[in-house]
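# Architecture and fold: a report
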Amino acid sequence: MDLQKDHKKPRRPRLGVFKFASCDGCQLSILNLEDDLLALGQALDIAYFPEASSDMREGPYDIALVEGSITTPEDAHRILSVREQATVLITIGACATAGGIQALRNWADVEAFKRVVYPSPQYIQSLSTSTPISEHVRVDFELWGCPIDKEQLLRVLTDLLAGVQPRLPTHSVCIECKRRGNVCVMVAKGIPCLGPVTRTGCGAICPSMGRDCYGCFGPAEGAHEGPGLPPNTASLAKEFHRGLQLIPAEVLRRFRGINGSVRPFREESEVWERDEA
Amino acid sequence: MSESKGTNTRTIAVDMIARVEGEGALRVTVKDGTVQDVELRIFEPPRFFEAFLQGRHYSEVPDIVARICGICPVAYQMSAVHALEQIFGLQVDGALRDLRRLIYCGEWIESHTLHVYMLHAPDFLGYASAIAMAKDHPEMVTRGLRLKKAGNALMTLLGGRSVHPVSVKVGGFSRVPLRRELEGLKEELLWARDAAVETVRWVAGFDFPDFAQDYTFVALRPSDEYPFNEGPIASSGGVNISAVEFEQHFREEQVSYSTALQCSFNGAGYLAGPLARLNLNADRLSPMAKQTLADTGLALPLRNPFHAIVARSVEILYAIEETLRIIDSYEPPPSPSVPVTVRAGTGMACTEAPRGILYHRYRVDGDGLIREAKIVPPTSQNQRRIEEDLRAYMPRVLDLPNKQAALGCEKVIRCYDPCISCATHFLKLDIQRDG
C-alpha cells in the first residue's frame, strides 16, 4: 500500500471520506478523535468529507475511507467511481466491511420489508441485499467494528503516513477480556457471549460492562485452525445450546446480528435455521 | 454545482449540502419569480429497521435501534426501553432513573457541541469546516473539541463507548458506575460548565438574519424538570397528551420524493428540537443556564430558526449542570437493573433526542419477541417545517447568483441540525426557475 507514486515530489496525502448505507457512527468516530483531529487535518489534506466540510474537491484521493454498505443500484455504481479515484481504499465499520445490520434483509423479502415501512413501496429504490464494499471493488484494508475503534483508525492512518503496512490484531475478544482481568460472563453467569469467536479491537467493552459480547467487530481469525481461518463458531454454538440451554432460534439470532452476513457467522446461523425447521 | 439555462427554465443544483448527518436533496421550483414547490428530498438508502426488528427478542432491541443513528444512539435506546418497560409494567426509579438522565446528558453535550462548533459555527464565521476555522480561531475550535470530549467521556463511563453504548437494557443497565468513577469526571465537567457559558455568549453574538417564523413548538414538558425521558407531549398551541396518544395527533405520510416519511401534527407542520424544548421549558432550566440565557438579551420565545445554535448552547450548559447535580447526589442503586417479567402487549414512549421528540411503539408477544415496531425520528417530524422555512426564506435569495442562493438555503437547513441518517442522507439543492 504505497500512498504516493511519485516520491520525488512529496505532498500532503489527500483524504476522501465517503458514505453509503450506514448510521454515520464511524464518520463520527473520526470527529471523535478530539485530541488528534487538528493534527490530522495538518498531516492530511481533507479533500472530501461532506459531513465535516463544505469544501468538497474532486479526486484523485490518496486515501479513501468508506463507510456504509451497498443497498441501492446507484450506490453499486458510485462505489466504482470511488475506487477509480482512490489509491488506497479502506472500509470503516461493519456496514462497509460486512454489510452491516441492514444485511438482515438478505434473509428476508425486501418487498415485504418496504410494505412494513412505506405506504407506497413503489417509490423506494432498494436492492434485495446489503453487501460489503469488497463484493463490488478491491479493498486495500478493512477496519472492523460497529462502530470502529477510533484508536485503530488513527493507528492505520499513522502507519500509512509513515509508509508502513498497517496491521491490526485478529485474535478473539476473549484474549483482551482476560488481559483486562474480567470475570468470564459465560462461565460465571451463564450468559451466551460471542467473545470467543469475535475479533478483538473494542477493548472487550461488553464483558467489562457485565454483559455478553454481541460480535460487532466480526469474526476473529485463527481461533480454530490458524491465522486467516474462521473461528470455531460450531463449538461455541453447541455450548450455547447444550450448556446454556438456548433453543435453536436463540442460537441463530446470536450469530445473525450486526455482522450476521459475514461468512463464519452466516453459515453458523444457517446451521441452526435448519435445526429449527 | 451545476447550472443550466433554458429559454424559460433555470435550474441550479448543488450535489451535496455539507455538514449535515446524511444524504438528501432540495428541489425548489420558481415560476415568474414566485416560489412554487419546495421539496426536501431525502434519498438516504432505506435500512428497514422497523421490518427486521420483527421476530427479534425484546432484549436485543437496544443494541439494534442504536444502529439507526451513530450521533444519537442513546435516544433510540431510551425511547425503546421506556416503550418496552411500559408493556412489562416496569418502573425504573431512583438512581437508575438518574443514570439514564446522565447518559442522555452525555449524548446532548456530544451531539450539540458537534453541531454548534463543527457543523454550524462555520456558517456564521464564513468557513468550510471547523478544521479550516481552526487556522484563525484555534482557541474556539480547541474549546469545542474539549467540550465534546467531556460529553463523550460521560457516555463512555456509563455505556462503555460513546457511539453505540452497550450497557443500556430494559430494566436499567448491565453495569452502573461507582461513585468515585463519576467523581473522577467532575474536574473536567467544572471546566466544561465554564466553557459552555462562554459558548452561549460566543454564539449569541453571531450575526443573525432577521427571520422570525410562526411556529407550533412541540416538546415534552414534565412537571418539574427539563425533559429527557418522560413527560407529556406539549405544544405551544396548548395541546397536552401522553405518548400513548401520539399516533392520534401525529401522522406520518410518505411523499414520492423522499425515503423519509413526513410527519404532521394535527394536520400541520411543527417544530421539534432545541428551540421548541427551550421555549416550552425555559422555566425548568438550571440556574446558570437560565441566567446565561437571560444575559444574552434574547426574548423568549425564540422564533428565529437561526437562534437554534443559541438554544443548543444553552442546552449544553443545562446538561452539564444537570450532570454535576446528579453526580453530587449519586448513590449506586442496589442492583444495576430491575427484573423483567415478560408479558404480551403494546407500549409507546417518547423521549427527547438531541434533535427533538423520538417516538417508539412496540408490540411484543408472550415469548418476548417483537411483533411490530414503529419509530418516528425527529428529522422526519421537522422535514415539513424545514420546507416551510425554505419557502419563506427563498424570496430573500432569489435575486442572488445561484451559488449564494444555494448557500442561503443550506444555511436554513443546517439550523435544524437535520439527522438524515435517522430519517434516512445526501442533500442536493435543485432550484428550477421557470420564467
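All of these numbers come straight from a predicted model, not from anything done at the bench.

### Comments concerning the sheet that holds strand β13 (residues 356–364) of chain B
Residue and element names in this part refer to chain B. Across the sheet, which stays open at both edges, the three strands sit in the order β12-β13-β14 with antiparallel pairing between neighbours. Since the sheet does not close on itself, it has two edges, and those belong to β12 (345–353) and β14 (370–376), each with one partner. When strand polarity is set aside, the average angle formed by the axes of neighbouring strands in this sheet is 15°. Looking at chain direction, β12 and β13 are connected through nine bridges and run antiparallel.

### Overview of the domain arrangement of chain A
All names here are of chain A. For chain A, the domain assignment lists domain 1 (14–161) and domain 2 (173–276). Taking the mean C-alpha position of each, domain 1 and domain 2 sit 25 Å from one another. With 15 residues of domain 1 in contact, the opposing surface of domain 2 contributes 18 residues. Buried surface at the junction of domain 1 and domain 2, summed over both partners, amounts to about 1,200 Å²; 62% is from carbon and sulfur atoms.

### Description of the packing of helix α3 (residues 73–88) of chain B against helix α4 (residues 94–125) of chain B
All names here are of chain B. Relative to each other, α3 and α4 sit at 155°, their axes nearing to 9 Å. In terms of orientation, α3 lies roughly antiparallel with respect to α4. As α3 runs across α4, the sense of the crossing is left-handed. Facing P73, V74, A75, M78, V81, H82 and E85 of α3, the residues of α4 in contact are R100, I103, Y104 and E107. Looking at side-chain class alone, the contact of α3 with α4 contains seven nonpolar, one polar and three charged residues.

### Observations regarding helix α11 (residues 287–295) of chain B
Residue and element names in this part refer to chain B. Among the residues making up α11, those that are buried are A289, T292 and L293. On an axial view of α11, the arc spanned by its buried residues comes to 100°, and they lie on one face. Turned more than 90 degrees off the buried face of α11, the exposed positions are P287, A294 and D295.

### What about the interface of chain B and chain A?
Listed per partner, the contact involves 66 residues of chain B and 62 residues of chain A. Across the interface of chain B and chain A, roughly 5,100 Å² is buried in total on both sides, 64% from carbon and sulfur atoms. Run the count over chain B and chain A and you get four salt bridges. Residues B:D63 and A:R211 are paired through a salt bridge, measuring 2.8 Å at the closest nitrogen-oxygen approach. Put simply, the parts of the chain that give the side of chain B that touches chain A at least two residues each are α1 (49–52), α2 (61–66), α4, α5 (130–133) and α6 (138–159) of chain B. Take the side of chain B that touches chain A: its biggest share by element is nine residues, from α6(B). Here the residues of the side of chain B that touches chain A are counted per class, giving 30 nonpolar, 21 polar and 15 charged.

### Some details on the packing of α4(B) against helix α14 (residues 402–415) of chain B
All names here are of chain B. Running from N to C, α4 and α14 point in directions that differ by 155°, and their axes come no closer than 10 Å. Considering the angle they form, α4 stands roughly antiparallel to α14. The two elements α4 and α14 cross, and the hand of that crossing is left-handed. Contact residues: α4 offers H115, L119, H120 and D123, while α14 offers K411, R414 and C415.

### As for the nonpolar core
In a soluble, globular protein the nonpolar side chains are often hidden away together inside. Residues A:L65, B:L84 and B:Y362 are the most contacted members of the largest nonpolar core, which totals 191 residues. Considering each element in turn, this core owes the most residues, 15 residues, to α4(B).

### Examining the side chain of B:T351
All names here are of chain B. Its place among the elements puts T351 in strand β12. By relative accessible area, which is 0% here, T351 ends up buried. Setting aside residues up to four positions removed in sequence, T351 forms contacts with A75, M78, S79, H82, Y104, L220, F228, N229, G356, I357 and L358.

### Examining the sheet that holds strand β8 (residues 233–235) of chain B
All names here are of chain B. Taken in spatial order, the three strands of this open sheet run β7-β8-β9, and their pairing is antiparallel. Of all strands in the sheet, those bounded by a partner on one side alone are β7 (218–220) and β9 (240–241). Of the pairings in the sheet, the one linking β8 to β9 comprises two bridges and is antiparallel in character. Each residue of the ladder has a partner; that of I233, found in β9, is I241. In the packing of helix α10 (residues 274–281) onto the sheet, the strands contacted are β7 and β8, and the crossing angle to β7 comes to about 65°.

Criteria and cut-off values
Residues numbered from 1 in each chain as written. Chains lettered and ligands numbered in written order. Predicted model: local features only at pLDDT ≥ 70, side-chain atom pairs only at ≥ 80, totals over all residues. Heavy atoms only, no water. Pairing = 2+ DSSP bridges. Helix = DSSP H or I, 4+ residues; strand = E, 2+ residues; numbered from the N terminus. Axes fitted to C-alpha atoms, helices over the stretch in contact; angles between N-to-C directions. Domains from an automatic or database assignment. Contact = heavy atoms within 4.5 Å. Buried area = accessible area lost by both parts, 1.4 Å probe. Parallel < 35°, antiparallel > 145°, perpendicular 65-115°, else oblique. Left-handed = near helix turned anticlockwise from the far one by under 90°. Nonpolar A, V, L, I, M, F, W, Y, C, P; charged D, E, K, R; others polar. Buried < 20%, exposed > 50% of the residue type's maximum accessible area, 1.4 Å probe, protein only. Arc of directions from axis to C-beta. Salt bridge = Lys/Arg side-chain N within 4 Å of Asp/Glu carboxyl O. Core = buried A, V, L, I, M, F, W, Y, C linked by side-chain atoms within 4.5 Å.

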